[in-house]
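Close look at the chain arrangement
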Amino acid sequence: MVSKKMLDLGKIRSGIRDIYEYGNKLSEKIGAENVLDFSLGNPSTPAPREVGNTIKHIVSELSPKEYNSYTSAPGDRDTRLAVARNLNTRFSTDYDENNIFLTCGAAASLNIIFKAVIECENDEIIVNTPFFPDYKVFIEGQGAKFVLVKCSEDLTLDTDELEKNINFNTKAVLVNSPNNPSGVIYPKENIDALVDLLNRKQKEYGHPIFLISDEPYREVVFVEESPEFLPNLYDNTLVAYSWSKSLSLPGERIGYILVPTNATDYTDIYAAISGAARVLGYVCAPSLFQRVIKDCIDVKPNIEVYQRNRNLLYTALIEMGYTLPNPKGAFYMFIKSPNNDGKDFCERAKKYNMLLVPGEGFGMKEYARLSFCVDTEKIEKSISIFKELMSEYDL
Ligand code: PLP
């Protein structure tokens, strides 16, 4: 009666959402101030003032037709140009509006990219573990095989393992840096090794292998080192970007796909991106927010609270003896359970009304993920709970 594939995908529970819903119910019962809900990556910092001011300006100065209408499918030309110019300034590139396709956020960008590049059910997309759980749904939903490759011990890319898993059917390798859930930024030498590997494999198999860069956290960075800009290192890179995190606009659904001119068969890729967006029914990215982005393209994200939370909690957790990478970007901590059982750790945390997400859904069951995009007060409150938890394992 319904598609078996969609039914199966629909039945996969989102571990993150389940815990978030549990947190909402608990908040109703005992009050939100008593729940330490670290489940969801919903930015706690409000959108910068410029965003609100721009919305007010648009709504008061323009006619509704100008900001409520359909735009062209790839998005308003001036907005695409503004995005291209911003990238050119930051990464010494030479893009114009024809390299940018505006989307309804990173989830849309990724689905459109997968739909555009997947040709048959033998196609394989490689994802590095730990990974954002929705990748599985997106990739399988768009008709390819979801292939997992474990990262190294320090949660950077393991190019030897990648090499073992790349074959003739490999359509793309997906990377996410800064990473959700680990906060790791893949270092330059790591990316260079990946680029070298992909170049060799493209030659060996005689067809392009895409490098898909999912980068909604590009600007959420706490260290000097920035994530590499992959299209400058590898021609067949497709970038999926979103302003959900950098401008705290997750509910507005606005992002883009970057197709570099140097990509093999660039014109066909851009046309396939347009076709895929149409088939998926996106029509165009939200019109009002296309205008907002045009005017706010150079606004810097405010990551002060995340930086403070990260410093506070990381120092405390390390002093208590926990094992975790110090997040260089994004706003998550991936904490190893003292007994290597992330689910057990999350259950124990629940007893203190502290909500974490088991690492299993991210591909590493020894871990638990904590989102620190919350008020600092909650991070402060969590510290004594983490101490209690650690002492439970000492017993
Ligand atoms: N990719 C990663 C790594 C994410 O963490 C998220 C959201 O949390 C997304 C994609 C989807 O983001 P968007 O809200 O822009 O669709």
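Reading guide: rules and limits
- Residues numbered from 1 in each chain as written.
- Predicted model: local features only at pLDDT ≥ 70, side-chain atom pairs only at ≥ 80, totals over all residues.
- Pairing = 2+ DSSP bridges.
- Helix = DSSP H or I, 4+ residues; strand = E, 2+ residues; numbered from the N terminus.
- Right-handed = clockwise from strand over helix to strand, strands pointing away.
- Near = placed C-beta within 6 Å.
- Nonpolar A, V, L, I, M, F, W, Y, C, P; charged D, E, K, R; others polar.
- Domains from an automatic or database assignment.
- Contact = placed C-beta atoms within 7 Å.
- pLDDT = per-residue confidence, 0-100.
- Expected span 1.5 Å × (residues − 1).
- Buried ≥ 20, exposed ≤ 12 C-beta atoms within 10 Å, placed from the backbone.
- Arc of directions from axis to C-beta.
- Axes fitted to C-alpha atoms, helices over the stretch in contact; angles between N-to-C directions.
- Parallel < 35°, antiparallel > 145°, perpendicular 65-115°, else oblique.
- Left-handed = near helix turned anticlockwise from the far one by under 90°.

1. Examining the pairing of strand β4 (residues 145-150)
Here strand β3 (residues 124-129) pairs with β4 via 6 bridges, running parallel. In the sheet register, isoleucine 125 faces β4, and the bridge partner there is phenylalanine 146. Handedness of the β3-helix α7 (residues 134-141)-β4 crossover: right-handed.

2. Overview of the site of the ligand
In the neighbourhood of the ligand, 13 residues make up the surrounding shell, with Gly105, Ala106, Ala107, Ser242 and Ser244 lying closest. Top element by residues in the shell around the ligand is helix α6 (residues 105-117). It accounts for 3 residues. Here the residues of the shell around the ligand are counted per class, giving 5 nonpolar, 7 polar and 1 charged.

3. Some thoughts on the sheet that holds strand β11 (residues 357-358)
Pairing within the open sheet is antiparallel, and its 3 strands lie in the order β9-β12-β11. The sheet is open, and its two borders are formed by β9 (332-336) and β11, each paired with just one other strand. Here β11 pairs with strand β12 (residues 367-371) via 2 bridges, running antiparallel. Across the sheet, proline 358 pairs through a bridge with alanine 368, a residue of β12.

4. A word on the domain arrangement of the protein
When the parts of a complex come together, some accessible area is lost, and that lost area is often taken as the interface size. Here the domain parsing of the protein yields domain 1 (4-46 + 302-394) and domain 2 (49-296). Taken over C-alpha atoms, the centre of domain 1 sits 26 Å from the centre of domain 2. At the interface, 28 residues of domain 1 touch 28 residues of domain 2. Of all elements in the fold, only α12 (304-320) and β9 reach the threshold of two or more residues within the side of domain 1 that touches domain 2.

5. Considerations on the confidence of the model for the protein
Residue-level pLDDT values for the protein average 96, and 100% of them are 70 or greater. Two summary scores accompany this predicted model of the complex, namely pTM at 0.96 and ipTM at 0.99.

6. Considerations on α12
In this model α12 runs 25 Å from its N-terminal to its C-terminal C-alpha over 17 residues, within 8% of the 24 Å that 1.5 Å per residue would give. Every buried residue of α12 is listed here: Tyr306, Asn309, Arg310, Leu313, Tyr314 and Leu317. Buried positions in α12, seen along its axis, are confined to an arc of 115 degrees and lie on one side of it. Along α12, the residues that are exposed and aim more than 90 degrees away from the buried face are Glu304, Thr315 and Glu319. Looking at the buried side of α12, the elements it contacts are β9 and α14 (376-394).

7. With respect to helix α11 (residues 287-296)
The complete set of buried residues in α11 reads Phe289, Gln290, Arg291, Val292, Ile293 and Cys296. Lining the buried residues of α11 we find α3 (49-61), α4 (64-68), α5 (77-91) and β2 (100-103).

8. Examining the packing of α12 against α14
Taken N-terminus to C-terminus, the directions of α12 and α14 make an angle of 15 degrees; their axes are 10 Å apart at the nearest point. The angle between the axes of α12 and α14 places the two elements in the roughly parallel class. Once α12 is placed against α14, the crossing between them reads as right-handed. Judged by residue contacts, Val305, Arg308, Asn309, Leu312, Leu313, Ala316, Leu317 and Met320 of α12 engage Thr376, Ile379, Ile383, Phe386, Lys387 and Met390 from α14. By residue class, the composition of the contact of α12 with α14 is 10 nonpolar, 2 polar and 2 charged.

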